[in-house]
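# Observations on the three-dimensional arrangement
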Amino acid sequence: MRFGLDDFACIIMCLTNIMIGILELSDDNVDLYGSYTCMVCGIVCLIPSLLKQFGLVRLNLIFIITIVVALTMHSLGVLMSGYDVLEDYDMVTHTLSSILVSMCVWMTLCCYNVYNSSSEFSGRSMMITIMLVMATFSVYWEVFEYLLDTATNTHSQYSPFDTAKDTMFNMLGSFITILYSGFKLRRMTMKELVDSFELSPRLIHFIDRRHRLF
Amino acid sequence: MERRILRMVALAAGLISIATSAYLDDYSWAFISSAALILLYAPVLKGMENDYRRHLMALSAIPFLLIILVDMLECCTGILNGPSSELLHVPLFFWTSSAIKGLSAFISGMMLVSLYREMKVYAISRSWSVIIAMMFALSLAVGCMFIDMITMYLQGFSIFNTGTDYPPELEYVNGKMMSTPTVAAFLDAALTVLFLKKRELVQMEGDE
């Protein structure tokens, strides 16, 4: 597969994150958790490019930029205490992350719509499903944090207001994706959109098998 | 039993349960039960030809009866709200009520999906419909979370963490707020597995 601007963005952000992580390791007051977070985020930045190079799926540039920005903001937030120092920092990362997850949900639903004859999502059902899936993910995330806090006696949830705020910004992210999906599908058909993903035949076959999971 | 009678029983039980829960300051139940009652009456209000399966309608009344039972037990004995009956800083009463909310929300989800299938909003398999029902139930749990938080704030509890130390009061407030989503996350997952075997319930009666 041809090397493009999207691959370049992935590699640059991967190297930047890994280098920041390594530099932190050489610091006297090393923050191991922050350093490892940077390195892991750096590796994850490479995934879109790897998916493209292995011919599995080609993600569009806006989506890839959102991925690398969200990952870099998270890693820098952990390393430089952005979450603690800047009051609204987690608001931005939560919104960006939920945009990413809801875009994944949207793209998956589009693929099912095109390749699986047993599922058919109209504009309205697509919108409802994205909102429901995101609400479900939000609940599981907050419950996970709550149980983790209870088990380890930490306070990652910070406060009830903070939990509610996180959930609200998760929903805002999915709302932004819904607006984006509406805008995108006005300019092209769903078939054209899914074709632009250049899905591998194996993935198409996986989607096409009816009721494979159930 | 006649559908009309089932609806009347559910409506009566629903209204009584809203009153008993409000008496015990459990306002999020009003949100869950209102959603359940609106969905129960939706086919009648929309004048649809087909109606929910009888079993689903009968199931929808069970949470109303259960919450009345728990509220009565709490009012008469107080055994679910004492200092000795706490789990993760939250009285057992709220955990029990959260479990019933989770059950009611799931049944509401099943009704919503049946309705959407009938209205052709959704054209998906019955198995996926059960999963959508679970997602709807968890979305209602998010609604409960917000209502519980606002209620506690209006009752004078602190919902903000202003200092570096974690105020002990927040343990209770956060625990109570998270009780419905926590129970719903596990209970609704279990109900999904259970209802995948009874997935014909997401189809309206007469819609084969």
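What follows is about the overall build of chain B. Along the backbone of chain B there are six helices and three strands. Walking chain B from its N terminus toward its C terminus, one meets helices and strands in the order α-α-α-β-β-α-β-α-α. What you see for chain B is a C-alpha radius of gyration of 18 Å, in line with the 17 Å of a compact globule of 208 residues. The C-alpha extent of chain B, read off along each of the three principal axes, is 60 × 35 × 25 Å. For chain B, buried positions account for 58% of its 208 residues. Looking at chain B alone, contacts between residues at least 24 apart form 77% of all its contacts between residues at least 6 apart. If you sum the accessible surface of chain B, you get close to 9,100 Å²; carbon and sulfur atoms cover 67% of it.

Bringing the overall build of chain A into the picture now. When you go through chain A residue by residue, the secondary structure sums to 10 helices and one strand. Going from the N terminus to the C terminus, chain A shows its helices and strands as α-α-α-α-α-α-β-α-α-α-α. Summarising its shape, the C-alpha atoms of chain A cover approximately 55 × 40 × 35 Å along the three principal directions. Every one of the 214 residues in chain A was classed for burial, and the buried ones make up 47%. Considering only intrachain contacts with a sequence separation of at least 6, the fraction spanning at least 24 residues in chain A is 73%. In the form shown here, chain A has an accessible surface area of approximately 11,400 Å², with 69% of it arising from carbon and sulfur atoms.

By the definition in use, this model includes 10 aromatic pairs over all chains. When the ring of B:Trp29 is compared with that of B:Phe64, the centres are 6.0 Å apart and the planes differ by 80°; the resulting orientation is edge-to-face. Here the residue B:Trp29 occupies a position in helix H2 (residues 28–45), and B:Phe64 occupies one in helix H3 (residues 54–77), the gap between them amounting to 35 residues. Comparing B:Trp29 with B:Phe64 shows no difference in burial state: the two are buried. With a centroid separation of 5.2 Å and 55° between ring planes, the pair formed by B:Phe106 and B:Phe195 is classed as tilted. Of this pair, B:Phe106 sits in helix H4 (residues 92–118) while B:Phe195 sits in helix H6 (residues 168–195), and the two are 89 residues apart along the sequence. You can call B:Phe195 buried: its relative accessible area is 10%. Chaining the aromatic ring pairs together yields one cluster made of A:Phe121, B:Tyr116 and B:Tyr122. Its guanidinium or amino end placed over the ring of B:Tyr41, B:Arg7 lies 5.9 Å from that ring's centre, counting from NZ or CZ.

All names here are of chain A. A surface patch of nonpolar side chains, about 780 Å² in accessible area, is lined by Phe-3, Leu-5, Phe-8, Ile-11, Ile-12, Leu-15, Leu-61, Ile-65 and Val-69. Those elements giving two or more residues to the nonpolar patch turn out to be helix H1 (5–25) and helix H4 (61–79). Here the element with the most residues in the nonpolar patch is H1; it accounts for five residues. Counting through the fold element by element, Leu-15 comes out in helix H1.

With that out of the way, let us pick up the environment of B:Trp29. Residue and element names in this part refer to chain B. The buried category is assigned to Trp-29, whose relative accessible area is 0%. In this structure, the C-alpha to C-alpha distance between Trp-29 and Ser-98, residues 69 residues apart in sequence, is 8.7 Å. Setting aside anything within four residues of it in sequence, one finds Trp-29 in contact with Ser-17, Ile-18, Ser-21, Pro-63, Phe-64, Ile-67, Ile-100, Lys-101 and Ser-104. A polar contact is formed between the side chain of Trp-29 and the side chain of Ser-17, at a distance of 2.9 Å.

Residue and element names in this part refer to chain A. Looking at the element boundaries, Glu-24 is found in helix H1. No salt bridge is formed by the buried Glu-24, whose closest oppositely charged neighbour, Lys-165, lies at an N-O distance of 25 Å. Once residues lying within four places of it in the same chain are set aside, the contact partners of Glu-24 are Asn-29, Val-30, Asp-31, Ser-35 and Leu-79.

The next point concerns the packing of helix H7 (residues 123–152) of chain A against helix H5 (residues 126–154) of chain B. Interhelical geometry of H7(A) versus H5(B) gives an angle of 60° and a closest axis separation of 8 Å. By the angle between their axes, H7(A) is oblique relative to H5(B). Considering only the axes of H7(A) and H5(B), their crossing is left-handed. Touching A:Thr129, A:Leu132, A:Val133, A:Ala135, A:Thr136, A:Val139 and A:Tyr140 of H7(A) are B:Ile132, B:Met134, B:Met135, B:Phe136, B:Leu138, B:Ser139 and B:Val142, all from H5(B).

All names here are of chain A. The geometry of helix H6 (residues 89–115) relative to helix H8 (residues 160–187) is characterised by a closest axis approach of 7 Å and an angle of 45° between their N-to-C directions. Regarding the angle of H6 to H8, the classification is oblique. Two packed elements cross with a definite hand, and for H6 against H8 that hand is right-handed. Its residues assigned to classes, the contact of H6 with H8 comprises nine nonpolar, nine polar and five charged.

Before going further, it helps to spend a moment on the confidence of the model for chain B. Residue-level pLDDT values for chain B average 88, and 97% of them are 70 or greater. Predicted complex metrics record ipTM = 0.90 and pTM = 0.88.

By convention, interface size is frequently given as the accessible area that disappears when the constituent parts associate. Each partner contributes to the interface: chain B provides 39 residues, whereas chain A provides 33 residues. Along the contact surface separating chain B from chain A lie five residue pairs in polar contact (both at pLDDT 80 or more). Contributing elements (two or more residues each) for the side of chain B that touches chain A: H4, strand S3 (122–123), H5 and H6 of chain B. For the side of chain B that touches chain A, the leading source of residues is H5(B), giving 13 residues. Sheet analysis places strand S1 (residues 120–121) of chain A next to S3(B), joined by two bridges and oriented antiparallel. Opposite A:Phe121, over in S3(B), you have B:Tyr122 as the bridge partner.

Thresholds applied
- Residues numbered from 1 in each chain as written.
- Chains lettered and ligands numbered in written order.
- Predicted model: local features only at pLDDT ≥ 70, side-chain atom pairs only at ≥ 80, totals over all residues.
- Heavy atoms only, no water.
- Helix = DSSP H or I, 4+ residues; strand = E, 2+ residues; numbered from the N terminus.
- Rg over C-alpha atoms; globule rule 2.2 N^0.38 Å.
- Buried < 20%, exposed > 50% of the residue type's maximum accessible area, 1.4 Å probe, protein only.
- Contact = heavy atoms within 4.5 Å.
- Areas by Shrake-Rupley, 256 points an atom, 1.4 Å probe, with all protein chains shown as cover.
- Phe/Tyr/Trp six-rings, centres within 6.5 Å; stacked < 30°, edge-to-face > 60°.
- Lys NZ or Arg CZ within 6 Å of the ring centre and 35° of its normal.
- Patch = residues over 30% accessible without salt bridge, like charges linked within 9 Å, V, L, I, M, F, W, Y side chains within 5 Å.
- Salt bridge = Lys/Arg side-chain N within 4 Å of Asp/Glu carboxyl O.
- Polar contact = N/O pair within 3.5 Å; in protein donor to acceptor, adjacent residues only side chain to side chain.
- Lys, Arg positive; Asp, Glu negative; His and termini not counted.
- Axes fitted to C-alpha atoms, helices over the stretch in contact; angles between N-to-C directions.
- Parallel < 35°, antiparallel > 145°, perpendicular 65-115°, else oblique.
- Left-handed = near helix turned anticlockwise from the far one by under 90°.
- Nonpolar A, V, L, I, M, F, W, Y, C, P; charged D, E, K, R; others polar.
- pLDDT = per-residue confidence, 0-100.
- Pairing = 2+ DSSP bridges.

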